[in-house]
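Coordinate analysis (summary)
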Amino acid sequence: MREKYLTCGLNYDLIIDQYPDLNEYEKILHIYLDDEFFSGLKTYLENEDYALAKDATKGLYILAADLKVFPLYERLLDIYEDIEDENYKALNDDYDRMIAVHHQIKKGFSC
């Protein structure tokens, strides 16, 4: 069990401390990883709707922190900071890095 978390870059000990029922945690994680805002974020960025992209990113990174999914949290925070700094040219690369981490975690948990 621990190996699955480590393979996805997650800290098993932090997660088990806050979520002792890993079956329940994984159900919540599946719901989170299937959130439509992951795909919607790409659309917002393509349409240059940075207000919606910022809101979606903030919601996703707050939940990532709550779920202790820190590799995804860090990538989402990169997107948020670039929107804040109006560094729009970096957003496509940031999104690609974030979605790669998202897919790695999702694959690891077979969502």
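Residues numbered from 1 in each chain as written. Predicted model: local features only at pLDDT ≥ 70, side-chain atom pairs only at ≥ 80, totals over all residues. Heavy atoms only, no water.

Observations regarding the nonpolar core
Among the nonpolar cores identified, the biggest contains 35 residues, and Y32 and L72 are the most heavily contacted of them. Of all the secondary structure elements, the ones that give two or more residues to this core are helix 2 (12–18), helix 3 (22–33), helix 4 (37–46), helix 5 (50–66), helix 6 (70–84) and helix 7 (91–108). When neighbours within four sequence positions are excluded, Y32 is seen to be in contact with F38, L60, L63, A64, L67, L72 and L76. (Core = buried A, V, L, I, M, F, W, Y, C linked by side-chain atoms within 4.5 Å. Buried < 20%, exposed > 50% of the residue type's maximum accessible area, 1.4 Å probe, protein only. Helix = DSSP H or I, 4+ residues; strand = E, 2+ residues; numbered from the N terminus. Contact = heavy atoms within 4.5 Å.)

Examining the packing of aromatic side chains
Two aromatic rings are characterised by how far apart their centres lie and by the angle between their planes. Per the stated rule, a full pass over the model turns up nine aromatic pairs. Judged by centre distance (5.4 Å) and plane angle (75 degrees), the ring pair of Y5 and Y12 falls under edge-to-face. Relative accessible area serves as the criterion here: at 15%, Y12 is assigned to the buried category. Ring geometry for Y5 against Y25: centres 6.2 Å apart, planes inclined by 35 degrees, an arrangement best described as tilted. Placement of the pair is Y5 in helix 1 (residues 2–7) and Y25 in helix 3, with a sequence separation of 20 residues. (Phe/Tyr/Trp six-rings, centres within 6.5 Å; stacked < 30°, edge-to-face > 60°.)

Regarding the environment of N11
You can see N11 is positioned in the loop between helix 1 and helix 2. Separated by 54 residues in sequence, N11 and A65 place their C-alpha atoms 12 Å apart. From its side chain, N11 meets the backbone nitrogen of D13 in a polar contact 3.1 Å long. A distance of 3.1 Å separates a polar atom in the side chain of N11 from the backbone nitrogen of L14. (Polar contact = N/O pair within 3.5 Å; in protein donor to acceptor, adjacent residues only side chain to side chain.)

Brief notes about helix 5
For helix 5, which comprises 17 residues, the first-to-last C-alpha distance of 24 Å matches the rise-based estimate of 24 Å (1.5 Å per residue) to within 8%. Turning to helix 5, its buried residues are Y50, A53, A56, T57, L60, Y61 and A64. Take helix 5 and look down its axis: the buried residues cluster within an arc of 130 degrees, on one side only. Pointing more than 90 degrees away from the buried face of helix 5 are the exposed residues A51 and D55. Turning to helix 5, the residues buried within the fold contact helix 3, helix 4, helix 6 and helix 7. Of the residues one or two after helix 5, K68 is the one with positive phi, at around 65 degrees. (Expected span 1.5 Å × (residues − 1). Arc of directions from axis to C-beta.)

Describing the pattern of salt bridges
According to the stated counting rule, one finds six salt bridges in the structure shown. Residue D13 is joined to R2 by a salt bridge in which the shortest nitrogen-to-oxygen separation is 3.1 Å. Of this pair, D13 sits in helix 2 while R2 sits in helix 1, and the two are 11 residues apart along the sequence. Under the relative-accessibility criterion, D13 is labelled partly exposed at 40%. D78 is the salt-bridge partner of R75, the closest N and O atoms lying 2.8 Å from each other. In this pair, R75 and D78 both sit in helix 6, three residues apart, roughly one turn of the helix. Owing to a relative accessible area of 24%, R75 belongs among the partly exposed residues under this scheme. The class of D78 is partly exposed, set by a relative accessible area of 24%. (Salt bridge = Lys/Arg side-chain N within 4 Å of Asp/Glu carboxyl O.)

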